[in-house]
Amino acid sequence: MAAGSEMALVHNIIIRILNCIYLQAPNVKLDKDIEDFTTFMYAWTVLIHEHHGNEEKFFFPWLEEDIGVAGYMEKNVEQHHAFAPEMKRFDEYVTALRAGTEEFDGVKVRSIIDDFGEILTLHLKEEIKTFEELEKFGDKIDWKRWNKRVQETAVGTAETVC
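Computed from a predicted model, the values in this text were never measured in an experiment.

K.L.:
Help me understand the environment of Ile128, please; the structure alone is not making it clear to me.
P.N.:
With respect to the secondary-structure elements, Ile128 resides in helix α4 (residues 106-133). The buried category is assigned to Ile128, whose relative accessible area is 14%. The sequence separation of Ile128 and Glu6 amounts to 122 residues, and the corresponding C-alpha distance is 9.6 Å.

K.L.:
Is there a simple way to explain helix α5 (residues 143-157) in this structure?
P.N.:
Count 3.6 residues to each turn of an α-helix, and residues three or four apart come out pointing the same way. Between the first and last C-alpha of α5 there are 21 Å, a value that for 15 residues agrees with the 21 Å anticipated at 1.5 Å per step. Residues of α5 that are buried: Trp143, Trp146, Asn147, Val150 and Thr153. Buried residues of α5 fall within an arc of 135 degrees about the axis and therefore sit on the same side. Facing away from the buried side of α5 by more than 90 degrees, the exposed set consists of Lys144, Lys148, Val155 and Gly156.

K.L.:
Looking at this structure, I do not really get the layout of surface pockets. What am I missing?
P.N.:
With a probe scaled to a water molecule rolled over the atoms, the places where space remains empty come into view. Approximately 380 Å³ is the volume found for the largest pocket. Surrounding the largest pocket, 18 residues form its lining, Val10, His51, Phe59, Val150 and Ala154 being those nearest its centre. At the level of elements, α1 (2-24), α2 (31-67) and α5 are the ones that each hand at least two residues to the lining of the largest pocket. Within the lining of the largest pocket, the residues separate by chemical class into 11 nonpolar, five polar and two charged. Counted as a void, the second largest pocket has a volume near 210 Å³. Lining the second largest pocket are Asp31, Ile34, Glu35, Thr38, Leu97, Arg98, Gly100, Glu102, Glu103 and Phe104.

K.L.:
Just to check I follow, could you spell out the packing of aromatic side chains for this structure?
P.N.:
The description of two aromatic rings rests on the distance between their centres and on the angle between their planes. Using the criterion set out here, one finds 12 aromatic pairs in the structure. A ring pair is formed by Tyr72 and Phe137, whose centres lie 5.4 Å apart and whose planes are at 85 degrees; its orientation type is edge-to-face. Taken together, the positions of Tyr72 in the loop between α2 and α3 (74-99) and Phe137 in the loop between α4 and α5 put the pair 65 residues apart, joining distant regions of the chain. Exposure remark for Phe137: the relative accessible area of 15% places this residue in the buried category. One aromatic cluster is present, formed by Phe58, Phe59, Trp62, Phe131, Trp143 and Trp146 through successive ring pairs.

K.L.:
Got a minute to help me understand the nonpolar core in this structure?
P.N.:
A general trend in soluble globular proteins is that nonpolar side chains are found buried together. Residues Met41, Trp44, Phe90, Phe104, Val109 and Phe116 are the most contacted members of the largest nonpolar core, which totals 26 residues. In terms of residue count, α2 provides more of this core than any other element does, seven residues in total. Among the nonpolar cores identified, the runner-up in size contains 18 residues, and Met7, Ile128, Ile141 and Trp146 belong to it.

K.L.:
Even after reading the chapter, I still don't get the packing of α2 against α5, so can you show me in this structure?
P.N.:
Each pair of packed helices can be described by the angle between their axes along with the distance between the axes. At a closest axis distance of 11 Å, the pairing of α2 and α5 adopts a crossing angle of 155 degrees. By the angle class used here, α2 and α5 are roughly antiparallel. Our pair here, α2 against α5, has a crossing hand that is right-handed. On the side of α2, the interface is formed by Glu50, Asn54, Phe58, Phe59, Trp62, Leu63 and Asp66, while α5 contributes Trp143, Arg145, Trp146, Arg149, Val150, Thr153, Ala154 and Thr157.

K.L.:
How should a negative patch on the surface be read in this particular structure?
P.N.:
A contiguous patch of negative charge, built from Asp31, Asp33, Glu35 and Glu103, is present on the exposed surface. The residue Asp31 is located in helix α2 in this model.

K.L.:
I would appreciate a short explanation of the pattern of salt bridges in the present structure.
P.N.:
Oppositely charged side chains can form a pair if their charged atoms are brought close together. Under the defined criterion, the tally for this structure stands at seven salt bridges. Taking the shortest distance from any N to any O, the salt bridge between Glu102 and Lys108 comes out at 3.6 Å. Assessed through its relative accessible area of 30%, Lys108 is described here as partly exposed. Two residues, Lys148 and Glu152, come together in a salt bridge whose shortest N-O distance is 2.6 Å. Of the two residues, Lys148 and Glu152 are both situated in helix α5; the distance of four residues between them amounts to about one turn of the helix. Connected via shared salt-bridge partners are Glu86, Arg89 and Asp115.

Definitions and limits used
- Residues numbered from 1 in each chain as written.
- Predicted model: local features only at pLDDT ≥ 70, side-chain atom pairs only at ≥ 80, totals over all residues.
- Heavy atoms only, no water.
- Helix = DSSP H or I, 4+ residues; strand = E, 2+ residues; numbered from the N terminus.
- Buried < 20%, exposed > 50% of the residue type's maximum accessible area, 1.4 Å probe, protein only.
- Expected span 1.5 Å × (residues − 1).
- Arc of directions from axis to C-beta.
- 1 Å grid on protein atoms, 1.4 Å probe; cavity = no way out; pocket = protein on both sides within 12 Å on 5 of 7 lines; lining within 4 Å.
- Points joined across faces, edges and corners; volume = space filled by probe spheres on them.
- Nonpolar A, V, L, I, M, F, W, Y, C, P; charged D, E, K, R; others polar.
- Phe/Tyr/Trp six-rings, centres within 6.5 Å; stacked < 30°, edge-to-face > 60°.
- Core = buried A, V, L, I, M, F, W, Y, C linked by side-chain atoms within 4.5 Å.
- Axes fitted to C-alpha atoms, helices over the stretch in contact; angles between N-to-C directions.
- Parallel < 35°, antiparallel > 145°, perpendicular 65-115°, else oblique.
- Left-handed = near helix turned anticlockwise from the far one by under 90°.
- Contact = heavy atoms within 4.5 Å.
- Patch = residues over 30% accessible without salt bridge, like charges linked within 9 Å, V, L, I, M, F, W, Y side chains within 5 Å.
- Areas by Shrake-Rupley, 256 points an atom, 1.4 Å probe, with all protein chains shown as cover.
- Salt bridge = Lys/Arg side-chain N within 4 Å of Asp/Glu carboxyl O.
- Lys, Arg positive; Asp, Glu negative; His and termini not counted.
- Charge placed at Lys NZ, Arg CZ, Asp CG, Glu CD.

Below is the structure:
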């Protein structure tokens, strides 16, 4: 299924960037590197919030409408909320770094990620399974149309300022 494969690719990008942040955080020491790394972390937060926000507002409701089963994707939305409190701590820390009201601490970055990373990555894996299960609905979903809408919405709603 193309939609599941494409979603897996996006999820893989999210995981790989998070891994980069986690692995490199303790090595970032120079002021210029801290500034660049903070921008990198901010870009990741934008990516994940836009991805999950678009899923909840557009992508999942479109699928549920197509298959005629309200709430079918709710498990995935609940998972978004499961890691949200700790993810918010990461957002707040990155915002404070950008504002200059916090000092960069690579150990702290890792500690915050430790609090939400496992739940997030589990969600990203399980959501692919949900997409695979959509195959049971056969041709109720026009995947070509759905993918086109997803692409147009993702591009049209993307934040372009870091």
